[in-house]
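Architecture and fold: a report
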Amino acid sequence: MISVFGSLVGDEEVANVVACMKSQWMGFGKQVEEFEEKYRRKYKLPSFAMVDSGSNALYMAVKLLDLPPNSEVIVPSFTWVSCAQAVILAGHRPVFCDVDLRTMNVRAEDIQARVTDKTAAVMVVHYAGLAVDMDLILALGYPVIEDAAHAIDSTYRGLPCGAIGDVGIFSYDAVKNFTVGEGGGITARDPARIERAKVLRYCGIGKSGFDAAVSSAGEKTRWWEYNIQESHIKMLPTNLAANIGLAQLDRIDVLQARRKVIWETY
Ligand SMILES: Cc1ncc(COP(=O)(O)O)c(C=O)c1O
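The structure displayed is predicted, hence computed values, not measured ones.

So, on to the pattern of salt bridges. Counted under the stated rule, the structure contains 17 salt bridges. Note that R41 is salt-bridged to E37, the shortest N-O span being 2.8 Å. Residue R41 and its partner E37 are located together in helix α2 (residues 30-42), separated by 4 residues, close to a single helical turn. The partner of D250 in a salt bridge is K38, and the shortest N-O contact between them spans 2.7 Å.

Have a look at this one:
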């Protein structure tokens, strides 16, 4: 049997995870920051934050746009359920748009047909790594959320998928080309949005005991004081996941080549 969606975990991932466990720091920490910087540089993203799933990254992406309550967000009809759920959970209404059966991606003309006076944003999905034709969609003039869950390593006119619209997300779940077990990432053209995302993912806490404890002035700061800026669900990624990601990033070409062989076989 040829497994279509199996992950390719090698000795590097195993060694990283063992080292992380032996370090006794498996939760959120320095390796998450290391992964974020390495990923941001590799894919030339304007900004980047890791979170605990692509679904949560989508919810965060909608939230970061600060749309008026009960806005309509146009969403592809053919996608994973979290696309519509992200819109609903953020207090808006998904409006479904058909996809082009040749590409499984939405087209600007079909989006245009779904526009009403309540339309506030458009979500696109680069389905199975095939880039959406973005130029005409951007020209519609609405903020664009790019779901690049399948499109790590994909580009559109030389730009990385996920970083063409206003906010973009990635998924690193177990069946994706690149995996950390469960995980996701978010990027935004405006880096201020990602600064906010980094606060939101930790229950909206701006400065925490953790920050104080690791700062050079740690002993002098009142480490027990938390500054809660907004109320938000916890979406923190772990050092364990980041360690798998660091190894997968080094091997992304191998991972992609293997998928291509499977695809060609089928
Ligand atoms: C198009 C699309 N968007 C979002 C997601 C959500 O990602 P995750 O499984 O990491 O929550 C998926 C997952 O399969 C997906 O296929």
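With that out of the way, let us pick up the site of the ligand. Among the 15 residues in the neighbourhood of the ligand, the closest are listed as S55, D147, H150, S171 and K176. A distance of 2.7 Å is found between an oxygen atom of the ligand and a side-chain nitrogen or oxygen belonging to S171. Taking 390 Å² as the accessible area of the ligand by itself, protein coverage stands at 90%. Among the elements that make up the shell around the ligand, the one with the highest residue count is helix α3 (residues 54-64) (3 residues). By residue class, the composition of the shell around the ligand is 4 nonpolar, 8 polar and 3 charged.

Of all hydrophobic cores here, the largest spans 30 residues; its most connected members are M60, M123, I145 and I186. It is α3 that contributes the most residues to this core, 7 residues altogether. If we ignore the near neighbours within four places in the chain, the residues touching M123 are L58, V62, V73, I74, V75, P76, C83, V87 and I145. With 23 residues, the next largest nonpolar core counts F35, Y43, I152 and Y172 among its residues.

Rules used throughout
Residues numbered from 1 in each chain as written. Predicted model: local features only at pLDDT ≥ 70, side-chain atom pairs only at ≥ 80, totals over all residues. Heavy atoms only, no water. Salt bridge = Lys/Arg side-chain N within 4 Å of Asp/Glu carboxyl O. Helix = DSSP H or I, 4+ residues; strand = E, 2+ residues; numbered from the N terminus. Near = heavy atom within 4 Å. Polar contact = N/O pair within 3.5 Å; in protein donor to acceptor, adjacent residues only side chain to side chain. Areas by Shrake-Rupley, 256 points an atom, 1.4 Å probe, with all protein chains shown as cover. Nonpolar A, V, L, I, M, F, W, Y, C, P; charged D, E, K, R; others polar. Core = buried A, V, L, I, M, F, W, Y, C linked by side-chain atoms within 4.5 Å. Buried < 20%, exposed > 50% of the residue type's maximum accessible area, 1.4 Å probe, protein only. Contact = heavy atoms within 4.5 Å.

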